[in-house]
Amino acid sequence: MRTQFLATITALALSTALPAAPQTTAAPRQPSLPRTADGKPNLQGIWQAFSTAAADLQDHVASLNMLAGRSVVAGGEIPYQPWAAKQKAENFRNRQTADPLSKCFTPGVPRAMYLDFPFQIFQTPKSVAIAFEWELDYRLIYTNGSNHFTDGSDFRMGDSRGHWEGDTLVVDVANFSENTWFDMAGDFHSEALHVVERYRMTDPDTIQYEATIEDGKVFTKPWTINIALHRRADRDRLYEYVCQAEKEEVSGAFAREPKTWYPGDGPTPVFSNAILDAARAPAKAAPVANLPWTEDGKPDLSGYFESAAGGANQGVDAFRDGKSLLVDPPDGKLPLQPWAALEKKSRTLTERGYDEPTAHCFPPGAPRGMWIPDGYQIVQTRDYIVFLQERVAWRIVPLRSGADATRHLPDNMRLWQGDSVGRWEEDTLVIDTANLNGKDWLSEGGDVTSYAAHLVERITPTGPDTFRYEATINDPVVYTRPWTIAFPIKREKFELREASCREDDRDLPRLKALKDAAAAKKQAPNSK
């Protein structure tokens, strides 16, 4: 985290409540708790830990960007081996730069659960998804009886498998990377880390969170933390804190594009009714045999998906096998305004590769997240459709009806993934998205979008595991008329895996060198 940011967020962590005793057996059933249709405690909602654990799990006095607080460790202290205690002390001395979160990296488990940021839980019989406001990170906890990966893969958020013991959700987390910390104070682990979490609701607005940590390479014995998670009744949604983008915008490493970024004031342009009325009508859905259904009678979209977008990530209107993915306009070409056509051409220059936001591992935005060549998981509840993108970003779509189905955030609240609202039109999921920040590109080929983009996406079943994806983009800043792209998506029998873009990015320095070299050449005395 940036120093300035830490100074702000640590002021929020004012609770110094003592931890509860470790919970080692399943709690008795509590009838007063909210419950799902299958009788389990309903953990869904927005939660946050109001604790100083994110600063230091153990007793600690105040330090730079860290409020004083009491230990949440059972017994008070972490049982380090002698060499590891020395390493922890060194980590503390170097914490301002050595802490993975200072680089905006993935926090890991259990640290993600007690950061000074809210998170949202989505619960189904087969899985529990947790979306974090920090960097749009997420966890997917399989509760379907599946086993851990055995192929040697490691993950910064671990590999989570859960089951219920009475009213307690027990989560076994393995296959860790060694590259995360437990807190800002430098408490650390190795790749041998094994965590067992227990989530137990003590009342409708409190979850008692317990995590037992075992790592024979670092600690002399297992140890346990206890932290209360509180429901954020003041929140009806998550927002975004894209740490890396915030850092780069402040430093100037990611520069503003005045024509496409949200200007900060004034009305957002819209197409005239005449132009909108002339746009192509969506295709009618045909009945599908053997379509799986949810308990509330909707098509079951849940599962792991891959798109057949035909390389749209390299250019949404490129022709492949003589055909464009654009179904409107009929000629298959983007109806670009003259300035946008020049901008798109400029973006194909080698030195512009650094300007492409996903090269910095920023969120792909909507609708591009649907055609980036990585898989994604759809988690479906009665009230939400959640997209978990493999490159580690979430997109949350609340399901609404009536006038609420197109109600969005105030115009000045702009997000990378936009503000999406979903509704069902017979068997088609329709997603209405506005409030985009205009910072994304639509493809590596430089396709242009702006803050004025208003998207209407449609996901329609075409078979038990196949769907048609269609997106109509209305963006009067960039285009002369709306346009529509369509392609198939398919549910696959795979599990979602973590792809840590920021941590594994090796290409950005090369792209920066190309950009700097081009700038230096233009400034040279003999340059033309």
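Everything below is about the structure shown above.
Residues numbered from 1 in each chain as written. Predicted model: local features only at pLDDT ≥ 70, side-chain atom pairs only at ≥ 80, totals over all residues. Heavy atoms only, no water.

Visitor: Please explain the overall build of the protein as it appears in this structure.
Guide: Each helix and strand in the protein was counted, giving eight helices and 19 strands. For the protein, the C-alpha radius of gyration of 24 Å lies close to 24 Å, the compact-globule estimate for 528 residues. For the protein, the spread of C-alpha atoms along the three principal axes comes to 70 × 70 × 45 Å. Residues classed as buried in the protein amount to 55% of the 528 residues present. The long-range share in the protein, meaning contacts at least 24 apart out of those at least 6 apart in sequence, stands at 65%. On the protein, roughly 22,500 Å² of surface is accessible, and the fraction owed to carbon and sulfur atoms is 54%. (Helix = DSSP H or I, 4+ residues; strand = E, 2+ residues; numbered from the N terminus. Rg over C-alpha atoms; globule rule 2.2 N^0.38 Å. Buried < 20%, exposed > 50% of the residue type's maximum accessible area, 1.4 Å probe, protein only. Contact = heavy atoms within 4.5 Å. Areas by Shrake-Rupley, 256 points an atom, 1.4 Å probe, with all protein chains shown as cover.)

Visitor: How do you make sense of the nonpolar core when you look at a structure like this?
Guide: For soluble globular proteins, the rule of thumb is that nonpolar side chains tend to be buried together. Ranked by size, the top nonpolar core spans 44 residues in total, and within it Leu 57, Tyr 114, Ile 130, Tyr 199, Ile 213, Trp 223 and Ile 225 carry the most contacts. For this core, the secondary-structure elements that each account for two or more residues are β1 (45-49), β2 (119-123), β3 (127-132), β6 (168-174), β7 (194-203), β8 (206-214) and β9 (223-231). Ignoring sequence-local partners within four residues, the contact set of Leu 57 consists of Arg 70, Ser 71, Val 72, Val 73, Ile 78, Tyr 114, Phe 182, Asp 183, Asp 187, Trp 223 and Ile 225. In terms of nonpolar packing, the next biggest core, distinct from the first, is built from 41 residues, Phe 387, Leu 399, Tyr 479 and Ile 485 among them. (Core = buried A, V, L, I, M, F, W, Y, C linked by side-chain atoms within 4.5 Å.)

Visitor: I would appreciate a short explanation of the side chain of Asp 447 in the present structure.
Guide: Relative to the assigned elements, Asp 447 resides in the loop between β16 (428-434) and β17 (454-461). With sequence-adjacent residues up to four places away left out, Asp 447 is seen in contact with Gly 315, Val 316, Asp 317, Leu 334, Lys 344, Arg 347, Trp 441 and Leu 442.

Visitor: For this particular structure, what's the right way to read helix α4 (residues 243-251)?
Guide: Since the α-helix turns once every 3.6 residues, residues separated by three or four places project in the same direction. By the burial criterion, the buried members of α4 are Cys 243, Gln 244, Ala 245 and Glu 248. Against α7 (501-504) and α8 (508-523) lie the buried residues of α4. Trailing α4 by a residue or two, Gly 252 shows a phi angle of about 90°, which is positive.

Visitor: For this particular structure, what's the right way to read the pairing of strand β4 (residues 138-142)?
Guide: Here is the key point about a regular strand: its side chains alternate between the two faces of the sheet. Judged by how many residues are buried, β4 sits mostly within the fold: five of five residues are covered. Neither face of β4 is open: one carries Tyr 138, Leu 140 and Tyr 142, the other Arg 139 and Ile 141, and all of them are buried. Following β3, the chain reverses through five residues before pairing antiparallel with β4; Glu 135 in that reversal takes a positive phi of roughly 55°. (Pairing = 2+ DSSP bridges.)

Visitor: Hey, could you run me through the state of the cysteines in this one?
Guide: As used here, a disulfide is simply a covalent bond connecting the sulfur atoms of two cysteines. The final tally for this structure, using the stated rule, is two disulfides. Residue Cys 104 pairs covalently with Cys 243 via a disulfide, S to S 1.9 Å. Handedness of the Cys 104-Cys 243 disulfide follows from its S-S torsion of about -55°: it is left-handed. Highlighted residues: Cys 104 in the loop between α3 (95-98) and β2 and Cys 243 in helix α4, separated in sequence by 139 residues. Accessibility assignment for this pair places Cys 104 and Cys 243 in one class, buried. Each disulfide pairs two cysteine sulfurs, and for Cys 361 the partner residue is Cys 501, the sulfurs being separated by 2.0 Å. Around the S-S axis, the bridge from Cys 361 to Cys 501 shows a dihedral of about -70° and counts as left-handed. A residue pair is termed long-range when its members are at least 10 positions apart, and Cys 361 in the loop between α6 (338-347) and β12 (376-380) and Cys 501 in helix α7 qualify at 140 residues. On the accessibility criterion, Cys 361 (10% relative accessible area) is buried. You can call Cys 501 buried: its relative accessible area is 15%. (Disulfide = S-S within 2.5 Å.)

Visitor: Got a minute to help me understand the packing of aromatic side chains in this structure?
Guide: Here the distance between the centres and the angle between the planes together describe a pair of aromatic rings. This model, assessed by the stated rule, comprises 25 aromatic pairs. Their ring planes at 65° and their centres at 5.4 Å tell us that Phe 117 and Trp 134 sit as a pair that is edge-to-face. Of this pair, Phe 117 sits in the loop between α3 and β2 while Trp 134 sits in the loop between β3 and β4; the two residues are 17 residues apart in sequence, bridging distant segments of the chain. Classification of Phe 117 as buried rests on a relative accessible area of 8%. (Phe/Tyr/Trp six-rings, centres within 6.5 Å; stacked < 30°, edge-to-face > 60°.)

Visitor: How should helix α2 (residues 82-93) be read in this particular structure?
Guide: Helix length check: α2 (12 residues) gives 17 Å between terminal C-alpha atoms against 16 Å at 1.5 Å per residue, within 8%. All of the buried residues in α2 are Ala 84, Lys 88 and Asn 91. An end-on view of α2 places all buried positions within 60° of arc, on one side of the element. Exposed and facing more than 90 degrees away from the buried side of α2 are Pro 82, Lys 86 and Arg 93. Those residues of α2 that are buried lie in contact with α3. (Expected span 1.5 Å × (residues − 1). Arc of directions from axis to C-beta.)

Visitor: Sorry if this is basic, but what is going on with the environment of Ser 251 here?
Guide: Tracing the sequence through the fold places Ser 251 in helix α4. The class for Ser 251 is exposed, based on a relative accessible area of 56%. A C-alpha to C-alpha distance of 29 Å links Ser 251 and Glu 178, two positions 73 residues apart in sequence. Within the local environment of Ser 251, its side chain forms a polar contact with the backbone oxygen of Glu 248, the two atoms lying 3.2 Å apart. (Polar contact = N/O pair within 3.5 Å; in protein donor to acceptor, adjacent residues only side chain to side chain.)

Visitor: I'm lost on the pattern of salt bridges in this one. Help?
Guide: Once the charged atoms of two side chains with opposite charge are near each other, the side chains can pair. This model, assessed by the stated rule, comprises 37 salt bridges. As a salt-bridge pair, Arg 231 and Asp 205 come within 3.0 Å of each other at their nearest N and O atoms. Remark: Asp 205 occurs in the loop between β7 and β8 and Arg 231 occurs in strand β9; sequence separation between them is 26 residues. Taking the shortest distance from any N to any O, the salt bridge between Glu 356 and Arg 368 comes out at 2.9 Å. Taken as a pair, Glu 356 in the loop between α6 and β12 and Arg 368 in the loop between α6 and β12 lie far apart in primary sequence, 12 residues in all. Note on Arg 368: relative accessible area 1%, which makes it buried. Salt bridges linked by common partners bring Glu 257, Glu 343, Arg 347, Arg 352, Asp 355 and Lys 515 together as one network. (Salt bridge = Lys/Arg side-chain N within 4 Å of Asp/Glu carboxyl O.)

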